[in-house]
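Results of the structural survey
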Amino acid sequence: MLHIASIFAKPVLDKFGVTDEAKERFVALQKAVTGDTGTAWIPLSRPSATLDFSTHTQTQSDTFNTGSIESKDGPVTWCEFVWNSDQIIKDCILHKVSWRFYSNKLICLEVCASKDDKGLDGSDLIGHRLELRDRSGFLIGIWAAAFLIVKDTDRRSFQTSAEDDHKVLGLHFNMLADAQTGLSFRI
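Every value quoted in this text rests on a predicted model; they were computed, and no experiment measured them.

Cut-offs applied
- Residues numbered from 1 in each chain as written.
- Predicted model: local features only at pLDDT ≥ 70, side-chain atom pairs only at ≥ 80, totals over all residues.
- Heavy atoms only, no water.
- Helix = DSSP H or I, 4+ residues; strand = E, 2+ residues; numbered from the N terminus.
- Buried < 20%, exposed > 50% of the residue type's maximum accessible area, 1.4 Å probe, protein only.
- Contact = heavy atoms within 4.5 Å.
- Salt bridge = Lys/Arg side-chain N within 4 Å of Asp/Glu carboxyl O.
- Phe/Tyr/Trp six-rings, centres within 6.5 Å; stacked < 30°, edge-to-face > 60°.
- pLDDT = per-residue confidence, 0-100.
- Pairing = 2+ DSSP bridges.
- Core = buried A, V, L, I, M, F, W, Y, C linked by side-chain atoms within 4.5 Å.

**Details of the overall build of the chain**
A count of helical and extended segments in the chain gives three helices and eleven strands. Secondary structure elements of the chain occur, N-terminal to C-terminal, as α-α-β-β-β-β-β-β-β-β-β-β-α-β. When burial is assessed residue by residue, the chain has 47% of its 187 residues classed as buried. Taking as baseline every contact in the chain between residues at least 6 positions apart, the subset at least 24 positions apart corresponds to 62%.

Pasting the structure below:
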């Protein structure tokens, strides 16, 4: 499976003045999710281990959209699950979360988040985890990604994507439920 990193790779972490202790936490999480310890970000992927959330909020998606786009190989259909209501996790807020699954195996995630200046932490690793199910309730798979957000950030958008040749998703793509369970988390 290909992992495409979020925009917060190790060089960017150094510029934000993230503490060594925080970097160690990011590396430990990276290892738990993907088995890779060379970087300090968590890409969009199907987790291979249970993430150790310090705080989380679980909610159902608010909006379901579908559509298609033309490509050189013909139409590519997509399904999108959106969380429009604020999800508060201590001093962080996820204002909007959008997961989009394409029939050509591309998965995209966009998170709009903020962190106030009142907490003691200078930065947090926040993310979203999706339990994708079909209309019968069958669990197709779980995907997650996390982003570094620094103190006094107001409504910043974070994006990541991955290509995942998940056979079960391919078999159930046209049977996805209109509402999905998502977990907003802070590490």
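**Points about the pattern of salt bridges**
With the rule as written, the count across this model stands at ten salt bridges. Asp-124 serves as the salt-bridge partner of Lys-115, at 2.4 Å between the closest nitrogen and oxygen. Taken individually, Lys-115 and Asp-124 each receive the classification buried, so the pair is uniform in this respect. Between Arg-186 and Asp-124 there is a salt bridge; the shortest N-O distance is 3.0 Å. Separated by 62 residues along the polypeptide, Arg-186 in strand S11 (residues 181–186) and Asp-124 in strand S8 (residues 123–133) bring together distant segments of the chain. For the pair Arg-186 and Asp-124, one class covers both residues: buried.

**Details of the environment of Ala-144**
Position of Ala-144 among the secondary structure elements: in strand S9 (residues 139–150). Placed 14 residues apart in sequence, Ala-144 and Leu-130 show a C-alpha to C-alpha distance of 6.3 Å.

**Remarks on the packing of aromatic side chains**
Any pair of aromatic rings gets described here by the distance separating the centres and the angle formed by the planes. Taken as a whole and assessed by the stated rule, the structure comprises five aromatic pairs. Ring geometry for Phe-101 versus Trp-143: centroids 5.4 Å apart, planes at 70°, classification edge-to-face. Of the two residues, Phe-101 sits in strand S6 (residues 92–102) while Trp-143 sits in strand S9, which places them 42 residues apart along the sequence. Note on Trp-143: relative accessible area 1%, which makes it buried. Put simply, the rings of Phe-64, Phe-81, Trp-99, Phe-101 and Trp-143 pair up and form one aromatic cluster.

**Thoughts on the confidence of the model for the chain**
Confidence in the prediction for the chain averages 81 pLDDT; 73% of positions are at 70 or higher. Between residues 1–13, whose pLDDT stays under 50, and residues either more than four places distant or in other chains, the model counts 35 contacts.

**Focus: the environment of Ile-89**
Mapping Ile-89 onto the fold places it in strand S5 (residues 87–89). It is 6.5 Å that separates the C-alpha atoms of Ile-89 and Thr-55, two residues lying 34 residues apart in sequence. Excluding residues within four positions of it along the chain, Ile-89 makes contact with Thr-55, Thr-57, Leu-94, Ser-184, Phe-185 and Arg-186.

**Section: the pairing of strand S7 (residues 106–115)**
In terms of residue burial, S7 counts as a mostly covered element, since seven of its ten residues are buried. Pairing between S6 and S7: nine bridges, direction antiparallel. Paired with Phe-101 across the bridge in S7 is Ile-107. With antiparallel pairing between neighbouring strands as the criterion, S6 and S7 make up a hairpin whose turn holds three residues, including Lys-105 at a positive phi of roughly 85°. Two elements, S7 and strand S10 (residues 153–163), share nine bridges in a ladder whose sense is antiparallel. Across the sheet, Cys-112 pairs through a bridge with Ser-157, a residue of S10.

**Regarding the nonpolar core**
In terms of nonpolar packing, the biggest core is built from 27 residues, with Trp-99, Phe-101, Leu-132, Trp-143, Leu-169 and Leu-176 touching the most fellow members. Elements with a contribution of two residues or more to this core: strand S4 (74–83), S6, S7, S8, S9 and S10. Setting aside residues up to four positions removed in sequence, Leu-169 forms contacts with Phe-101, Ile-107, Leu-132, Ile-140, Trp-143 and Leu-176.

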